[in-house]
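# Architecture and fold: a report
Residues per chain are reported as follows:
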Amino acid sequence: MAWDDTASKIWVDGDMVDWKDAKIHVLSHVVHYGTSVFEGIRAYKNENGVAVFRLKEHVQRLFDSAKIYKMEIPFTQEEIQEAILEVVRVNDLNGCYIRPIAFKGYGQLGVDPSSCPVNVVIAAWEWGSYLGEEGMANGVDIGVSSWRKPAPDTFPALAKCGANYMNSQLAKLEAIDNGYDEAIMLDYEGHVSEGSGENIFLVEDEKLFTPAMSSSNLKGITRDSIMTVARDLGYEVIEEVISRERLYSANEVFFTGTAAEVTPIRSIDHRTIGIGKRGPISEKLQTAFFEIVEAKVEDKYGWLSYI
């Protein structure tokens, strides 16, 4: 993830500031306790202009995450939506990645964050395929992590919280050390959950399967988008508990996410999946997804918010 920090602007608590001036105090609560909730959003350039993908849903999830952690965001959802559009507009970006984050700032330290203010920041920058263009076309190599997702009575998986991602970092670092592109994480009972930052789908007998929300996974917006598109293409989509060994015998496996978009998986734990590259259903879904965001077909779902 690289960015241009020479002339970019970042939205900080209602004001546009220079990238180099977007700073917080080292004793801010978030630095010490991970008290932040955030979103990852993409904007796409197409023949109609620049459009943010599923803006309202992302902002809604940001506020839902904040509510779970009793964090009162001092702006309305509509104000945050407009601020996101403005950040892309001011920075004159085409296709880009957008990061809104709300966090407990400088007030006092201690586990109780109640007296600390909630600060909100929105940044955006150009960012290509998370797992690489080659991976998008031919698939990536994945390993099942030894690190598991937390049980629902430890960390709330539905909240996209900064502290939760320490768990994901352990899995990602382990995957890199073992020569993989990414990790698959199991839930607290040993069932398939998700990647370190992506949801996961299996294709078996022309049907799509994805872990149920009881498997400590994030309720992904791209996940929901692919489920919607797949059903419209005539595929049955089933949410259920998935055992690890089903990964190896699946016809196809792929990741979904704002960063990963739709990324096929060609091997898991050194076992070839299906034909060992992007499968036909993964390719159809990938194509259908990009046709929507690139305005090659009608946006019948109302997913695009133009700048």
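What you are looking at is a predicted structure, and each value in this text was computed from that prediction instead of being measured.

### Side note on the environment of Met136
Secondary-structure assignment places Met136 in helix H4 (residues 133-138). The buried category is assigned to Met136, whose relative accessible area is 7%. Note: C-alpha distance between Met136 and Gln286 (150 residues apart in sequence) is 8.8 Å.

### Side note on the domain arrangement of the chain
Examined at the domain level, the chain breaks down into domain 1 (7-124) and domain 2 (131-292). Between domain 1 and domain 2, the C-alpha centre-to-centre distance is 26 Å. Tallying the contact residues gives 19 residues for domain 1 and 21 residues for domain 2. Interface area lost by domain 1 to domain 2 is led by Phe38, Arg61 and Tyr69, which between them contribute 34%. On the surface where domain 1 and domain 2 come into contact, there are two salt bridges. Ionic pairing is found between Arg42 and Glu261, a salt bridge with its closest N-O pair at 3.5 Å. Taken together, domain 1 and domain 2 are joined by 13 residue pairs in polar contact (both at pLDDT 80 or more). At the level of secondary structure, the elements contributing two or more residues to the side of domain 1 that touches domain 2 comprise strand E3 (36-38), strand E4 (41-46) and helix H2 (55-68).

### Description of the packing of helix H6 (residues 221-232) against helix H8 (residues 280-293)
Axis separation between H6 and H8 bottoms out at 10 Å; the angle between their running directions is 105 degrees. Our classification of the angle between H6 and H8 gives roughly perpendicular. Facing Thr222, Ile226, Val229 and Ala230 of H6, the residues of H8 in contact are Leu285, Ala288, Phe289 and Ile292. Looking at the contact of H6 with H8, its residues break down into seven nonpolar, one polar and no charged.

### What to know about the pattern of salt bridges
Between side chains of opposite charge, pairing is possible as soon as their charged atoms come close. According to the stated counting rule, one finds 19 salt bridges in the structure shown. Between Glu182 and Lys172 there is a salt bridge; the shortest N-O distance is 3.4 Å. Of the two residues, Glu182 sits in strand E9 (residues 182-186) while Lys172 sits in helix H5 (residues 165-177), which places them 10 residues apart along the sequence. Residue class for Glu182 comes out buried when judged on its relative accessible area of 0%.

### What about the environment of Glu283?
Residue placement: Glu283 occurs in helix H8. Residue classification places Glu283 among the partly exposed positions, given a relative accessible area of 36%. Sequence separation between Glu283 and Asn138 is 145 residues, and the spatial gap between their C-alpha atoms is 10.0 Å.

### Things to note about the packing of H2 against helix H3 (residues 77-90)
Remark: H2 packs on H3, axes separated minimally by 10 Å, with the N-to-C direction vectors making an angle of 125 degrees. Compared by their axis directions, H2 and H3 come out oblique. Seen along the crossing, H2 lies across H3 with a hand that is right-handed. Seen from H2, the contacting residues are Leu55, Lys56, Val59, Gln60, Leu62 and Phe63; seen from H3, they are Gln77, Ile80, Gln81, Ile84 and Leu85. Considering only residue class, the contact of H2 with H3 consists of seven nonpolar, three polar and one charged.

### Let's talk about unusual backbone geometry
Its identity as a non-glycine residue notwithstanding, Lys70 has a phi of 55 degrees, on the positive side. Topologically, Lys70 is positioned in the loop between H2 and H3. We note that Glu206 has phi near 65 degrees; this positive angle belongs to a residue other than glycine. Inspection of the secondary structure puts Glu206 in the loop between strand E11 (199-204) and strand E12 (207-211).

So, how was this worked out
Residue indices follow the written sequence of each chain, beginning from 1 at its first position. Since the coordinates come from a predicted model, pLDDT governs what is reported: local features require at least 70, and pairs of side-chain atoms require 80 or more to be given and counted, while whole-chain, interface and lining totals use all residues. To obtain the side-chain values, all non-hydrogen atoms of the structure were included, while hydrogens and water were left out. Only runs of H or I of at least four residues qualify as helices and only runs of E of at least two qualify as strands under DSSP, and these elements are numbered from the N terminus. Relative accessibility thresholds used throughout: buried, under 20% of the residue-type maximum; exposed, over 50%; partly exposed, between the two (1.4 Å probe, protein chains only). The start and end points of each domain follow an automatic or database-based domain assignment. By definition in these notes, contact holds between two residues if any of their heavy atoms fall within 4.5 Å. Using a 1.4 Å probe, buried area is obtained as the accessible area two parts lose upon being combined, added over both of them. One speaks of a salt bridge when a side-chain nitrogen belonging to Lys or Arg is within 4 Å of a carboxyl oxygen belonging to Asp or Glu. Two N or O atoms count as a polar contact when they lie within 3.5 Å, although within protein this holds only if one can serve as hydrogen donor and the other as acceptor, and sequence-adjacent residues are included solely when both atoms are side-chain atoms. The convention used is that axes are lines fitted to C-alpha atoms, helices contributing only their stretch in contact, and that angles between N-to-C directions extend from 0 to 180 degrees. An angle counts as roughly parallel when it lies under 35 degrees, as roughly antiparallel when it exceeds 145, as roughly perpendicular when it falls between 65 and 115, and as oblique in every other case. When residues are grouped by polarity, Ala, Val, Leu, Ile, Met, Phe, Trp, Tyr, Cys and Pro land in nonpolar, Asp, Glu, Lys and Arg in charged, and all others, Gly among them, in polar. Should the near helix be turned counterclockwise from the far one by less than a right angle, the crossing is left-handed, whereas a clockwise turn marks it as right-handed.

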